[in-house]
Amino acid sequence: MRKLLTVLLAIATLSFVSYGQEGVGKVSGKVIDGNTKTIESATITLLRAKDSSVAKISVANKEGNFGFENIAEGKYLVAISAVGHTKGYSGTFEINTVNTSVTLKPIELIPVSKELGNVIVTGRKPLVEQKIDRMLVNVEAAVTNMGSSALDVLEKSPGVSVDKDGNISLKGKQGVVVLIDGRETQLGGTDLANYLRSLHSNQLEQIEIMTNPPAKFDASGTSGVINIKTKKNRQMGYNGSLSLGYGQGRYPKLNEGVNFNYRNKKVNLFTNLSHSYNQGFGVLEIERTFRDKSTKELLSNFDQVSRMQNESQNYGAKIGLDYFVSKKTTLGVVFNGSMSDRTFVNRNTTDISDQYGYPSSQTRAFSGNDQLWKNFSTNLNFRRMLDTANSELTADVDFVLYNSKNDQTLINSYFDAIGTPTFKADTLLGALPQDIRIYSGKIDYLKYLGKDIRFEAGIKSSVVKTDNDAAYDSISYGQVVHDLNRSNHFMYEENINAAYINFSRPLSKKWNAQAGLRMENTNAKGDQVTTGEKFDRHYTQLFPTLYLQYKADDKNSFVLNYGKRIRRPDYQRLNPFINFLDRYTYQQGNPNLKPQFSHNIELSHSFRGMVTTTLNYTNTTDIIQQVIEQNEERNETYVKAANIAKQRQFGISVNTTVPITKWWRSNVFVNAFNNKFDGIVNDTTISVKATTVQLNGSQQFNFAKTWSAEISGFYRTGSIEGVIQAKSMGMISAGISKEIFQKKATIRLNVRDIFYTQGFRGVSKYSNIDARFKETRDSRVVNLGFTYRFSKGKINGAPKRRASSSSDEQSRIGGGSQ
C-alpha cells in the first residue's frame, strides 16, 4: 500500500507543476469563424514556440476577444480550438523588454466540413470537464476504461467510491441515484452493482456527476445523481462501431458489442447490442467474537473464510426511433432489454473456539445460487418546439419490468476440533423470485422569457408494484419439508406524484441566479402476506434548490448552491427475505425502513475553467445504513439496513484539468471530508467520526499522432461506512492505445490494479459487536481490446437525449445477487 500511495502522490505532484514564470508582457486577440462571426467560449492556449509546451490557458468572451497578461520573455504562438471548427493558430511572436504588448490579427477557425464521406471523426475529448452544476467524465477518453464495466468506470471517477458490497458513495456520502440516459435504474444495493457490472464500458459515452441537481430532477438521492449516458447517433447518414475485448485475471473475461445509427431528414434510428462473459473469484475473511450483551463477557470466537466463485453471461439490447413529424415536432420510442445468467458458489469454513481460544468445533458450508435476471423497458416520448427561442414542451410515458429468479442451496456440515463429524448435515433450499413493474409519465415545459431568462415547470406520476414470494424448504432424512419460519411473501406498492418549477436569469453582468421548488407526494403500502403484517404510509414534502453564480472576471467565478434531497429505501432493502452466506451468517431486509432527508450546501470557485475548488456541508437525518446484529444464543450474525443515526459532513474538494504540454494532459481530484454519525444501534448509543481523503488521478499522453497512453488510479484513506471503519485502499492502472486503418480502428492494451491493492479491510466494534473483515477479488486484469468505426454522412446537431419518466423509480430496485 505504501508503494501505491507513493505512486499516486507522484501523479498528483506532477499535476501541480508551475506553468510559467511571471513577466510583464501581454498579448490580446480575437477569434472568428469562417463567416466572420465571433466564436464564444473558444479555448485559447498560449504555447511556447520552442517546444509547444503550454504557458497559459484562457477562454474567449462572448465577443470572441481574449488576452494573456504577465507573460515572461520569450517566443510564443497561440492555439485556438472550438466545437465544430478546425483548430487555428497564430503566427510566432516574441515578448521582450522592447516589445511588451502584442495585438494579434483576428484568427479564423474554419467550420468542420459537413460532408464526411468515409472519413471517421476521432476528435479527442478531455477525460473530465467541469460545468457550473455538474462534472462530466468522457468514458472513451481513458484508455484504462477499455475492458471494464460501468461499475469499474464509476469507481475511478472523481469523488465516487464503491464499497465491498457494491454500494456507491459520492464525496463520502451514500444515497446516490444512478440514471441511465436520464432514466432511473430503480435498482439498489447488490442488484444495482450487478446491473452495472453487466453494462460494458464500450456502450458508454459520458458520465454526469451532480451533487446538487436542479428541481427538474427527482428529489431522490441525498448525496446526488449520477447519469450514465450511452452512445447515440450524432450525424446524418449512418455510423457505428464494432468492439471486441478479452481480459485475463485469474479467470477470463470477454466482451463484444456493436453500435449502429442511421439518420435522415425524417428518421433517426439507433441501436446497440452487447454481450459479456465474466468469471471471477472472491475471498472473504471474517473474525468475530460473541460476548454477553449485559456483562460483555467473552463467550466464543469465530474465524470464517469464504472462498467464492462467480460466473455470468450478460446480454443487452437497445433500439430506438425518433420520427421528425415536422421541424418542430418529434415522436420517439425506445426499447431496452437485458438478461443476466449468473451462478455463485461459496465454500465456507468456520472455526469456532471457546473464550480461552481453544478450538471447539468447525462448520463447513456449501452455498450455491443460480440467478436469472431479466429487464425490459419501453419509453414513448414527444417533443414540440414552441418558438424560435427553443422553448419546448416534452412528454414521456414509461413501462419497466424487472423479473428475477434466484434458486439457493445451503448445506452445512458439523465437525469437532479434530475433524470428526458430530451432527447430521442439514440442507436448506430456497426459491426467491422477484417481480417489479413500473408505470410512469411526465410532462415538462420550458419557456425562454428573453435572451437569458429561463422558466421550467413540470409534473410527474409513477406507480411501482413489487411481488416477492420466498419459499424455503429443508431436507430431513431425504424428505423435503417446507420451512414456514423462513418463508415469506411480501408485496409492496408505491405511488409518487410530483410537480416542480424552476426559474433562472442573470441579475447583472456578473451575477446569475437559479431557483427551483419541487413537491413530491408519496403513498406506500406494504403487505407481508405470510404474517399478515401491513403498513400504509403517506407523506408530502417540498424540496427547494437555489444557485447563485458570481463571475468576478474572465478567470474567476463562484457558485453557491443549496438543495434538499430524499433517499427512499431500495425495494430490495424493504424486502424481508433472508440471504444466507452460511449457517451463522446472513443478510435480511427491513420493511420498517423510513426515508432519509438531507440538506446540502456547496460553495465552489473556478479558476480559468481548469481548477475548481468546492466547500460542502451536509446534514442528514434518519440515515439508512447497513448494521450488524448478533444472536448470542444461536451464534448468528446478520446484516440489515436500518435508520440508525443522523450524519453531519463537511469537506473540501479540488479538481484540476490541465494540459501540461501539447502531448500531456493531467486530471487530479482531491477530496477531504469529515463524517460524524450519532445514533442508536442495538440499543447502544454510538458517536463516531473520521476524516477521509480521496485522491483520483489520471495522466494522459498523446504522441506520434496515433499513439496514446494513460496512467490512472485512486487512493482512499481510512473512512467510516456506517458502523464499519474501513481501512485505506486504492489501485493503479495503466494502458496504451494505437489507432490503425487510417484512424478507423483502435487497439488498446491496459492493466487494471497493477499492484493488486484494491482489497477491502474493515473493523466494526460497538455494543457487543466485535468483527474484522478482509475481502479480495479478481481485480488485477490485463485487457486487450479492438474497436472498428465506420461512418458515412454529414454532421448534424445531435438529437436531444431523452430522460424518461421512470428515471427515479428504476434506481431503487435491488435483487439480492452476489
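Residues numbered from 1 in each chain as written. Predicted model: local features only at pLDDT ≥ 70, side-chain atom pairs only at ≥ 80, totals over all residues. Heavy atoms only, no water.

**With respect to the pairing of strand S1 (residues 25–33)**
Move 1: Sheet topology note: the S1/strand S4 (residues 65–71) ladder contains five bridges and is antiparallel. Residue pairing for S4: serine 28 is matched across the bridge by glycine 67.
Move 2: By the bridge criterion, three bridges tie S1 to strand S8 (residues 101–103) in an arrangement that is parallel. Bridge pairing in S8 places lysine 26 opposite serine 101. (Pairing = 2+ DSSP bridges. Helix = DSSP H or I, 4+ residues; strand = E, 2+ residues; numbered from the N terminus.)

**Description of the nonpolar core**
Move 1: With 26 residues, the main nonpolar core has Leu154, Ile168, Leu196, Ile207, Ile226 and Ile228 as its most contacted residues.
Move 2: Contributions of two or more residues to this core are made by strand S12 (135–138), helix H2 (150–155), strand S13 (160–162), strand S14 (168–170), strand S16 (176–180), helix H3 (189–198), strand S18 (204–210) and strand S19 (224–230). (Core = buried A, V, L, I, M, F, W, Y, C linked by side-chain atoms within 4.5 Å. Buried < 20%, exposed > 50% of the residue type's maximum accessible area, 1.4 Å probe, protein only.)

**Brief notes about the environment of asparagine 96**
Move 1: Tracing the backbone through its elements, the reader meets asparagine 96 in the loop between strand S7 (93–95) and S8.
Move 2: Linking asparagine 96 and valine 24, residues 72 residues apart in sequence, is a C-alpha distance of 8.7 Å.
Move 3: Separated by 3.0 Å, the side chain of asparagine 96 and the backbone nitrogen of valine 98 make a polar contact.
Move 4: Here the side chain of asparagine 96 touches asparagine 99 through a polar contact of 2.6 Å, landing on its backbone nitrogen. (Polar contact = N/O pair within 3.5 Å; in protein donor to acceptor, adjacent residues only side chain to side chain.)

**Overview of a nonpolar patch on the surface**
Move 1: On the surface, Phe703, Trp707, Ile736, Phe741, Ile747, Leu749, Val782, Leu784 and Phe786 cluster together into a nonpolar patch covering about 760 Å² of accessible area.
Move 2: Listed by contribution, the elements that provide at least two residues to the nonpolar patch are strand S46 (745–752) and strand S49 (781–795).
Move 3: Summarising the element assignment, phenylalanine 786 is placed in strand S49.
Move 4: Exposure remark for phenylalanine 786: the relative accessible area of 32% places this residue in the partly exposed category. (Patch = residues over 30% accessible without salt bridge, like charges linked within 9 Å, V, L, I, M, F, W, Y side chains within 5 Å. Areas by Shrake-Rupley, 256 points an atom, 1.4 Å probe, with all protein chains shown as cover. Salt bridge = Lys/Arg side-chain N within 4 Å of Asp/Glu carboxyl O.)

**Things to note about the confidence of the model for the protein chain**
Move 1: With 87% of its residues at a pLDDT of 70 or more, the protein chain has an overall mean of 84.
Move 2: Segment residues 3–22: pLDDT under 50, and 41 contacts once partners within four positions in sequence are set aside and those in other chains are kept.
Move 3: Confidence drops under pLDDT 50 across residues 814–818; counting only partners more than four residues distant or on other chains, this segment forms 26 contacts. (pLDDT = per-residue confidence, 0-100. Contact = heavy atoms within 4.5 Å.)

**A look at the environment of leucine 429**
Move 1: In this fold, leucine 429 is placed in strand S27 (residues 421–431).
Move 2: The class of leucine 429 is partly exposed, set by a relative accessible area of 27%.
Move 3: Residues leucine 429 and isoleucine 411, 18 residues apart in the sequence, show an inter-C-alpha distance of 8.8 Å.

**Observations concerning the packing of aromatic side chains**
Move 1: Counted according to the given criterion, the structure contains 18 aromatic pairs.
Move 2: Each residue in the set Tyr238, Phe260 and Phe790 is aromatic and connected to the rest through ring pairs, giving one cluster.
Move 3: Residue placement shows arginine 537 over the ring face of phenylalanine 535; its charged tip is 4.1 Å from the ring centre.
Move 4: The positively charged end of lysine 564 is found above the aromatic ring belonging to phenylalanine 543, 5.5 Å away from the centroid. (Phe/Tyr/Trp six-rings, centres within 6.5 Å; stacked < 30°, edge-to-face > 60°. Lys NZ or Arg CZ within 6 Å of the ring centre and 35° of its normal.)

**Points about the sheet that holds S13**
The pairing of strands in a sheet happens through backbone hydrogen bonds and is either parallel or antiparallel.
Move 1: An order of S13-S14-S15 is seen for the three strands of this open sheet, with the pairing classed as antiparallel. Bordering the open sheet on either side are S13 and strand S15 (173–174), each of which pairs with just one other strand.
Move 2: Pairing of S13 with S14, which is carried by three bridges, proceeds in the antiparallel orientation. Bridge assignment links valine 162 to a residue of S14, and that residue is isoleucine 168.

**Considering a negative patch on the surface**
Move 1: Taken together, the side chains of Glu285, Glu287, Asp303 and Asp351 present a region of like negative charge at the surface.
Move 2: Classification of glutamate 287 as partly exposed rests on a relative accessible area of 46%. (Lys, Arg positive; Asp, Glu negative; His and termini not counted. Charge placed at Lys NZ, Arg CZ, Asp CG, Glu CD.)

**Description of the pairing of strand S30 (residues 479–482)**
Move 1: Across four bridges, strand S29 (residues 454–476) lies against S30 in antiparallel orientation. In the sheet register, isoleucine 475 faces S30, and the bridge partner there is valine 480.
Move 2: Where S29 hands over to S30, the hairpin turn is made up of two residues, of which tyrosine 477 adopts a positive phi near 50 degrees.

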